There are 2 protein chains.
Amino acid sequence: MTRYATLAAILSQRIEQGLYSAGERLPSIRALSLEHTVSISTVQQAYRLLEEKRLVEPRAKSGYFVRNQPLRAELPTVTRPVQRPVEISQWEQVLDIVRSPPRDDLLQLGRGMPDITEPTLQPLLKALSNVGRHGDLRSLRYDSIQGVFGLREQIARLMLDSGCQLDAEQLIVTTGCHEALSTGLRAVCQPGDIVAVDSPCYHGTMQTLKGLGMKALEIPTDPLTGISLEALEMALEQWPIKMILLTPNCNNPLGYIMPEARKKRLLTLAQRYDVAIIEDDVYGDLAYSYPRPRTIKSFDDDGRVLLCSSFSKTLATGLRIGWIAPGRYLERVLHMKYIGSGLTATQPQLALVEFIRHGHYLQHLRRMRQRYQQNRDLMTQWIGQYFPANVRVSQPRGGFMLWIELYEDFDTLRLNRNLENQGVQVAVGSIFSASGKYRNCMRINYAPKLTAEIELAIKKVGTAINQLMEANSATAEECLPGQ
Amino acid sequence: MTRYATLAAILSQRIEQGLYSAGERLPSIRALSLEHTVSISTVQQAYRLLEEKRLVEPRAKSGYFVRNQPLRAELPTVTRPVQRPVEISQWEQVLDIVRSPPRDDLLQLGRGMPDITEPTLQPLLKALSNVGRHGDLRSLRYDSIQGVFGLREQIARLMLDSGCQLDAEQLIVTTGCHEALSTGLRAVCQPGDIVAVDSPCYHGTMQTLKGLGMKALEIPTDPLTGISLEALEMALEQWPIKMILLTPNCNNPLGYIMPEARKKRLLTLAQRYDVAIIEDDVYGDLAYSYPRPRTIKSFDDDGRVLLCSSFSKTLATGLRIGWIAPGRYLERVLHMKYIGSGLTATQPQLALVEFIRHGHYLQHLRRMRQRYQQNRDLMTQWIGQYFPANVRVSQPRGGFMLWIELYEDFDTLRLNRNLENQGVQVAVGSIFSASGKYRNCMRINYAPKLTAEIELAIKKVGTAINQLMEANSATAEECLPGQ
Ligand SMILES: Cc1ncc(COP(=O)(O)O)c(C=O)c1O
Ligand SMILES: Cc1ncc(COP(=O)(O)O)c(C=O)c1O
């Protein structure tokens, strides 16, 4: 990053964190130049950047001010899931989503797909297409079950940004983050074992627990700081938990980044109760703040954290290349990978080596972080505009998902049914819970270019919500005492 | 196939089956022309083809004769594995093989890789490279968890050749045959369940059973006709078997094709005892006879057969595209796939649609079948030449593997250690058994172009075997009674 971009990032983070609030005057150009020992013109450039991002506005003769951000909706409530290990249900709803290929006649606002239309992704298509050129047969061969060495080197290098100092030998390339999670779970736990999870939790993880015959113990989670350590400790005291599985960075679906201090405390807890941790970092590189947040893995000194990730969210879902840094469980994970899908395809691995090596990955990341942050703001604004006033909305710090909580009796399954013939679909909240909680919540993806068509779709969802609420209160009135 | 090629195939099959034996006179050109209602010149062309293949030789004025084939080694013995369900060992040896990427300094005669250097495979590289051209983003997207519909259509069409009439909805694309086997097993069986397998059996399957906590019951197997139905029936009577898992066509490692009548009887047995069957057909398309052998699946009328296959052996190992036709277990298999690796990469699927649609798959198959058959004969000849006289050698009817049985006390692990500094490695027999049997056996891959370098390697293996045998008998003498 250039100096001015770094400075702009620092300032925007402070605004984000509320250090400077809306309408407040920002430090003068001179003051900043002294504080950060940069030139006047660097500060000016930084402010210009923030202006473009619509975060600050200049006022004649009095300097820069924090822009009035659209009024924020309230945050979702701290979750209160069932307080005992349960078997997971909801497979039918998940199958419904994952079975259908992308459809032209349906706007799937709920699917976890990144935007793949940015020009910064074009070099990836080129790299994929180049691999097999000139009769190069490497892409048709088996490589090691651990993955192409050169790719593991590149991944190890990228992971430095999250504070992890690993080498290629400590990594295994997987078929997406799914396989990372699945092999990690199977390496540590047996069917019947209890796994503590943040809640709400990505439905793929829930279904994996189900399919492996494990039980989920959902831990209450705060929409800004993540899994409740207090509740987790109580659970560790009470149940024979084998593993803690969570997504602390740019959580799906809530979007929070767990503060560093809490990450450390969680690790200490895990050490005290001697349980392993699966850390899903699949959105970690998409944090809007710079430098990106550290992983729990980066504090791990006894190999109990299995870090899982992939290029599915940062680059493209169709690649199916992920990785796991399994700590002390490396060999067991290798076995689980061998028996699950065998080796991972060679060609996309080779293409990724080229793509990353030439700096395209970091360039694309920079672009997407900025885009997603802008989209978050616009989508939040639309929700405020078209949804009922009392909805609660998450404030994601990275990634591209918004979690929306409606009043307690609301049924998003019914909402989706009503939206069906309007060509719109959201992700229903219940698939993010082992026990089918969060029926009154939904997840909306703001990765794509936010076109007028999408605005219209959001409007349709808002209207449908209002209709359902009216119908409901009408029924409620009909049921008044005395009837 | 042209008429003459068809006729040649029929004749060579008859020779293969011993209908015409070495030195015997073959039917006259006129007789064949009448029998098959083809022209004289077609028969002449057919004989010329067989001559090129060194199967027949013309003798002046007396017609064509079956060539004296090099004296055949004896077949491996019918296997006698342990007669109870066992947990699988041998992971370390398998890991050794699958962990290392292809090495230039080591000739791995044991790995299951097809030859990928034939020009008929070039269109695949081109198809892979074409997918992402012109900014086409389909390859970066998720598709359905069931796989790209167009590819499933093409696979369904190809499966007609094995007698299977399925449609795209009954197929699931998988990450290699590994994932097909693994999801199939998990869809039907629980940890602790007993699975009956042909023995020897592909080590990947063995390790899958191990990793899933299932027990293998190894059934004696005949090197020409496959799994013993008599032994299988006894086992079904005696144990609560949940599943029969076998590779009836071009078996790895034995190379046999199970006769059709036995396939039907096996299915009847499975119906009687109400167990499911996993049929691994990964080499089925590489049978040397035409038309290719039928699958057990093709006789299945109540959806109990889960057919598993992939393009790893017919095309290229690095692709990682396979499929499963799971019969009545489709939805369970989908769930297991979703939790194991999620969706399968899109780009290779799209490339394969193009490759198959343009006829390149069948063209490549024709080429490879012929090549592998020739290689089998040459490799068998080399074994006869360089190995001790009393080794037993399989007579593969398809695929590209030779199974070699040495005298009972021989230790192929030791052999491999001795070969290490000579840059040669074979696959040790023990990894093909749940209980570590077959230490006196090894598998050799004859897929690659059989160059002088490979001949030299075989010679080295032969010499090393002889040395070990001499050392052994010396020790045996030293240990004579009285010492
Ligand atoms: C939190 C989380 N983990 C894992 C995954 C799966 O990633 P992949 O597509 O790489 O298997 C997703 C994707 O939806 C996710 O949101
Ligand atoms: C009998 C058999 N089944 C399955 C496989 C695995 O196939 P894939 O590489 O497609 O996972 C092999 C490969 O070695 C095999 O020999």
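Residues numbered from 1 in each chain as written. Chains lettered and ligands numbered in written order. Predicted model: local features only at pLDDT ≥ 70, side-chain atom pairs only at ≥ 80, totals over all residues. Heavy atoms only, no water.

Within an unreviewed UniProt entry, the label attached to chain A reads PLP-dependent aminotransferase family protein, and the organism entered is Serratia aquatilis. Per UniProt, the comment on chain A under Sequence similarities (unreviewed entry) is "In the C-terminal section; belongs to the class-I pyridoxal-phosphate-dependent aminotransferase family." (UniProt positions renumbered as here; feature names shortened; annotations may be inferred.)

Contacts to ligand 1 come from 14 residues, most closely from Asn252, Asp280, Ser310, Ser312 and Lys313 of chain A. In this structure, ligand 1 sits where chains A and B come together, each supplying nearby residues. Within the backbone of Cys177 of chain A, an N or O atom sits 2.7 Å from an oxygen atom of ligand 1. Side-chain polar atom of Asp280 of chain A to a nitrogen atom of ligand 1: 2.5 Å apart, as the coordinates give it. Protein contact buries 98% of the 400 Å² of open area that ligand 1 shows by itself. Among the elements that take part in the shell around ligand 1, helix α7 (residues 176–188) of chain A stands out by supplying 4 residues, more than any other. In the shell around ligand 1, the residues fall into 6 nonpolar, 5 polar and 3 charged. (Near = heavy atom within 4 Å. Polar contact = N/O pair within 3.5 Å; in protein donor to acceptor, adjacent residues only side chain to side chain. Areas by Shrake-Rupley, 256 points an atom, 1.4 Å probe, with all protein chains shown as cover. Helix = DSSP H or I, 4+ residues; strand = E, 2+ residues; numbered from the N terminus. Nonpolar A, V, L, I, M, F, W, Y, C, P; charged D, E, K, R; others polar.)

Here we take up the nonpolar core. Counting residues in hydrophobic clusters, the biggest one holds 253 residues, and the most contacted among them are Phe311 and Phe387 of chain A together with Phe311 and Phe387 of chain B. Filtering out sequence-adjacent residues up to four positions away, Phe311 of chain B remains in contact with Ile155, Leu158, Ala316, Leu319, Ile321, Trp323, Leu352, Ile356 and Tyr361 of chain B. (Core = buried A, V, L, I, M, F, W, Y, C linked by side-chain atoms within 4.5 Å. Buried < 20%, exposed > 50% of the residue type's maximum accessible area, 1.4 Å probe, protein only. Contact = heavy atoms within 4.5 Å.)

Attention now goes to the sheet that holds strand β4 (residues 172–174) of chain A. Residues and elements named next belong to chain A. Spatially, 7 strands are ordered β4-β12-β11-β10-β9-β5-β6 in an open sheet, and the strand pairing comes out mixed. In this open sheet, the two edge strands, each paired with only one partner strand, are β4 and β6 (215–219). Adjacent strand axes in the sheet meet at a mean angle of 25°, parallel and antiparallel pairs treated alike. Sheet analysis places strand β10 (residues 276–280) next to strand β11 (residues 305–310), joined by 4 bridges and oriented parallel. Bridge assignment links Glu279 to a residue of β11, and that residue is Leu307. Each of β4, β5 (194–198), β9 (241–246), β10, β11 and β12 (322–325) touches α7; the most contacted strand, β11, lies at about 160° to it. (Pairing = 2+ DSSP bridges. Axes fitted to C-alpha atoms, helices over the stretch in contact; angles between N-to-C directions.)

This brings us to the interface of chain B and chain A. The accessible area lost on association of the parts is a frequent measure of interface size. The interface is formed by 65 residues belonging to chain B together with 65 residues belonging to chain A. On the chain B side of the contact with chain A, Leu140, Tyr142 and Tyr338 of chain B bury the most area, a combined 16% of that side's loss. Seen at the junction of chain B and chain A, the total is 0 salt bridges. At the surface where chain B touches chain A, the tally comes to 21 residue pairs in polar contact (both at pLDDT 80 or more). Broken down by secondary-structure element, the contributors of at least two residues to the side of chain B that touches chain A are α4 (91–99), α5 (122–131), α7 (176–188), α8 (203–211), α11 (330–340) and α12 (346–357) of chain B. At 8 residues, α11 of chain B tops the list of elements feeding residues into the side of chain B that touches chain A. (Buried area = accessible area lost by both parts, 1.4 Å probe. Salt bridge = Lys/Arg side-chain N within 4 Å of Asp/Glu carboxyl O.)

Below, the discussion takes up the pattern of salt bridges. Residue and element names in this part refer to chain A. This model, assessed by the stated rule, comprises 46 salt bridges over all chains. Note that Arg138 is salt-bridged to Asp136, the shortest N-O span being 3.2 Å. Its relative accessible area of 46% is what places Arg138 among the partly exposed residues. Using a relative accessible area of 23% as the deciding quantity, one classes Asp136 as partly exposed. Arg376 is the salt-bridge partner of Asp377, the closest N and O atoms lying 3.1 Å from each other. Each of the salt bridges in this network shares a partner with another, and the network as a whole consists of Asp115, Glu118, Arg367, Arg371 and Lys449.

Glycine aside, residues mostly have negative phi, and peptide bonds are mostly found in the trans state. Between Asn252 of chain A and the following residue, Pro253 of chain A, the backbone shows a cis peptide bond with an omega angle of 15°. Tracing the backbone shows Pro253 of chain A in the loop between β9 and α10 (260–272). The omega torsion across Tyr290 of chain B and Pro291 of chain B is -5°, close enough to zero to call that bond cis. Take Pro291 of chain B: it is sitting in the loop between β10 (276–280) and β11 (305–310). Backbone geometry at Arg320 of chain A places phi at a positive 60°, although glycine is not the residue there. In this fold, Arg320 of chain A is placed in the loop between β11 and β12. The phi dihedral of Tyr438 of chain B is positive, around 60°, even though this residue is not glycine. With respect to the helices and strands, the residue Tyr438 of chain B is situated in the loop between β16 (427–428) and β17 (441–445).

For the structure shown, the criterion picks out 16 aromatic pairs over all chains. For the pair Trp403 of chain B and Phe432 of chain B, a centre-to-centre distance of 5.4 Å together with 85° between the ring planes defines the contact as edge-to-face. Taken together, the positions of Trp403 of chain B in strand β14 (residues 401–405) and Phe432 of chain B in the loop between β16 and β17 put the pair 29 residues apart, joining distant regions of the chain. Both residues of the pair, Trp403 of chain B and Phe432 of chain B, count as buried. One aromatic cluster is present, built from ring pairs that chain together Tyr283, Tyr372 and Phe400 of chain A. The cationic tip of Arg59 of chain A hangs over the ring face of Phe65 of chain A; the distance from NZ or CZ to the ring centre is 4.1 Å. (Phe/Tyr/Trp six-rings, centres within 6.5 Å; stacked < 30°, edge-to-face > 60°. Lys NZ or Arg CZ within 6 Å of the ring centre and 35° of its normal.)

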